[in-house]
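Listed below are the residues making up each chain.
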Amino acid sequence: MSDIIISVNDLTKQYMKKQVVKNVSFGIRRGMICGLVGPNGAGKTTIMKMLGGIVLPTGGSIELFGETDEKGLAHSRSRMSFMIETPYAKANMSAKENLEKLRLQKGLPDKGRIEEVLKTVGLSDTGSKPVKSFSLGMKQRLGIAGAMLTKPEIMVLDEPVNGLDPEGIVEIRELLLKLNREEKVTILISSHLLGELSLLCTDYIFIRHGEIVRKLSAEELNRQCHEYYHISTDNNTALPAMLENKLGIKEFSVRKDGSVDIYERIDEIRLISKTMFENGIIPTEIHIHDANLEEYYMKLVGEENVQCDEGTDISAAEK
């Protein structure tokens, strides 16, 4: 049996003449915590809605647990849970009452499951306290509790830490790690907080303007954020093609002025320089830099897409 339990191929969504998701392809293996990372309007929520069957794709295919037809996808989604956008709860009801209502709606026979999930998310001591008096972090944990009722194999979570204070973010992070490690839940999580996801995820998918710009593991991300070379030449237009075609370098980004930041093979700068000369490209500036997570993110998605406001460290959340 394949370890790939979510697979999308050339997934596309178009509203009128605007493509909001463009030929997106990726696979998620069992046991991963995969971060779908991108700025406001990148298409993250739309991708999750298509996975959940809330929005129909314009093109491409979705495969869940090996199923691709409508009936098979519907069955596979019963093995998953989705928390997309703001989790809904009756404000005047307690956490337990909300979960009991949800249990009945889903036709779940196990009443004891409610106490189990409340304990897991740290809400077992809230008693009759109404949800309207919960903190935002408690409401998010209640949303995750609702998503856990069916004992899902996969959880798809859209911005679960958005708007939380640092303490709330830590609580959600520790909860998701616990679900992944102890209950073996595979998690797809969207966020604009790369620094926070770096403490959680095993893999990353970076998305910009509805297109995937990079897919890499946590180990690869850590390597990318160690050092990089910034190179400017007398022919910046020809530089990207030369890097790809002559040296096989894929891990680079192009700045507005056409100069390039190279994130791989930085120990081979002599070979890179030699190859540029051999192809008639003269370097005018070569500098090595230390990178950090936010800087790497900004170079991938384009600095013009990044909005630092409302206390967020990268951008406003996509909704």
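Each chain carries its own residue numbering, running from 1 in the direction its sequence is written. This being a predicted model, a pLDDT of at least 70 is required before a residue's local features are given, and a value of 80 or more before pairs of side-chain atoms are given or counted; all residues contribute to the totals for chains, interfaces and linings. Excluding hydrogens and water, the side-chain figures rest on all heavy atoms present in the structure.

## Quick look at the confidence of the model for the protein
Now for step 1: When pLDDT is averaged along the protein, the result is 87; 93% of the residues meet or exceed 70.
Now for step 2: Known as pLDDT, the predictor's per-residue confidence is scaled from 0 to 100. Helix and strand definitions follow DSSP, with helices as H or I runs of at least four residues and strands as E runs of at least two, each counted in order from the N terminus. Here helix α11 (residues 293-301) is the element of the protein with the lowest mean pLDDT, 78, and strand β4 (residues 59-64) is the one with the highest, 97.

## Points about the packing of aromatic side chains
Now for step 1: Here a pair means two rings of Phe, Tyr or Trp (six-membered ring of Trp) with centres within 6.5 Å. Their orientation is stacked below 30 degrees between planes, edge-to-face above 60, and tilted elsewhere. Taken as a whole and judged by the stated rule, the model has three aromatic pairs.
Now for step 2: Geometrically, the ring pair formed by Tyr204 and Phe206 is stacked, given 6.3 Å between the ring centres and 25° between the ring planes.
Now for step 3: Only protein chains enter the accessibility calculation, which uses a 1.4 Å probe; a residue is then buried when its area is under 20% of its type maximum, exposed when over 50%, and partly exposed in between. Accessibility expressed as a relative area gives 0% for Phe206, which makes it buried.
Now for step 4: A centroid spacing of 5.4 Å and a plane angle of 45° characterise the contact between Tyr228 and Tyr263, whose relative ring orientation is tilted. Within this pair, whereas Tyr228 is found in strand β10 (residues 227-233), its partner Tyr263 is found in the loop between β12 (260-262) and α10 (269-278), the two being separated by 35 residues in sequence. A single burial state applies to Tyr228 and to Tyr263, both of which are buried.
Now for step 5: Linked through ring pairs, Tyr204, Phe206 and Tyr297 together constitute an aromatic cluster.

## Comments concerning the pairing of strand β7 (residues 186-191)
Two faces, one strand: in a regular strand the side chains alternate between the faces of the sheet.
Now for step 1: Of all six residues in β7, six are buried, a share of seventy percent or more.
Now for step 2: Residues Thr186, Leu188 and Ser190 line one face of β7 and the alternating positions Ile187, Ile189 and Ser191 line the opposite face, and both faces are buried.
Now for step 3: Here the rule is simple: two strands pair whenever DSSP picks up at least two bridges between them. Inspection of the sheet shows strand β3 (residues 33-37) paired to β7 by five bridges, in the parallel sense. Paired with Cys34 across the two strands is Leu188, which belongs to β7.
Now for step 4: Bridge count for strand β6 (residues 154-158) against β7 is five bridges, and the pairing is parallel. Bridge pairing links Met155 to Ile187 in β7.

## As for the packing of helix α3 (residues 95-106) against helix α4 (residues 112-121)
Now for step 1: Running from N to C, α3 and α4 cross one another at 130°; their axes reach a closest spacing of 10 Å. For the element pair α3 / α4, the angle class is oblique. Along this stretch, α3 crosses α4, giving a crossing that reads as right-handed. For the pair α3 and α4, contact is made by Ala95, Lys96, Leu99, Glu100 and Arg103 and by Ile114, Glu115, Val117 and Leu118, respectively.
Now for step 2: Classes in brief: Ala, Val, Leu, Ile, Met, Phe, Trp, Tyr, Cys and Pro nonpolar; Asp, Glu, Lys and Arg charged; the others, Gly included, polar. Residue composition of the contact of α3 with α4, by class: five nonpolar, no polar and four charged. To get an axis, a line is fitted to the C-alpha atoms, and for a helix only the part in contact is used. The angle between two axes follows their N-to-C directions and goes from 0 to 180 degrees. We call two directions roughly parallel when the angle between them is under 35 degrees, roughly antiparallel when it is over 145, roughly perpendicular when it lies between 65 and 115, and oblique otherwise. Less than a right angle of anticlockwise turn of the near helix away from the far helix marks a crossing as left-handed, whereas a clockwise turn marks it as right-handed. By definition in these notes, contact holds between two residues if any of their heavy atoms fall within 4.5 Å.

## Thoughts on empty space enclosed by the protein
Now for step 1: Lining residues are defined by having an atom within 4 Å of a point belonging to a cavity or pocket. Those points lie on a 1 Å grid over the protein atoms alone, cavities being sets where a 1.4 Å probe fits but cannot get out and pockets being open sets with protein on both sides within 12 Å along at least five of seven lines. Grid points are joined across faces, edges and corners, and a volume is the space filled by probe spheres set on the points. Enumeration according to the criterion identifies one cavity of 30 Å³ or more in this entry.
Now for step 2: If you add up the space inside the largest cavity, you get close to 40 Å³.
Now for step 3: Elements supplying a minimum of two residues to the lining of the largest cavity: α6 (166-182), β7 and α7 (194-197).
Now for step 4: By residue number, the principal contributor to the lining of the largest cavity is α6, which donates four residues.
Now for step 5: Here the residues of the lining of the largest cavity are counted per class, giving seven nonpolar, one polar and two charged.

## As for the state of the cysteines
Now for step 1: Our working definition of a disulfide is a cysteine sulfur pair at a distance within 2.5 Å. Going through the model one piece at a time under the given rule, you end up with zero disulfides.
Now for step 2: Note on Cys34: no disulfide assigned, nearest cysteine sulfur contributed by Cys201 at a separation of 6.8 Å.

## Focus on the layout of surface pockets
Now for step 1: Put simply, the largest pocket is a space of about 550 Å³.
Now for step 2: Around the largest pocket, the lining is made up of 23 residues, and of these Tyr88, Leu102, Lys106, Gly146 and Ala147 lie nearest the centre.
Now for step 3: Sorting the residues of the lining of the largest pocket by element identifies β5 (80-83), α3 and α5 (136-148) as the ones contributing at least two each.
Now for step 4: A total of six residues in the lining of the largest pocket trace back to one element, the largest contributor, which is α3.

## Some words on the environment of Thr275
Now for step 1: With respect to the secondary-structure elements, Thr275 resides in helix α10.
Now for step 2: Distance in space between the C-alpha atoms of Thr275 and Met242 is 8.4 Å, their sequence separation being 33 residues.
Now for step 3: Contact partners of Thr275, with chain neighbours within four places excluded, come to Met242, Lys246 and Leu247.

## Side note on the sheet that holds strand β9 (residues 211-217)
Now for step 1: Read from one edge of the open sheet, six strands run β5-β6-β7-β3-β8-β9, paired in mixed fashion. In this open sheet, the two strands that pair with only one neighbour each are β5 and β9. Between one strand and the next, the sheet's axes are offset by a mean angle of 15°, whatever the strand orientation.
Now for step 2: Packing against the sheet, α5 makes contact with β5 and β6, and its axis sits at approximately 155° to β5.
Now for step 3: The sheet contacts of α11 involve β3, β8 (203-208) and β9, and relative to β8 the element is tilted by about 45°.

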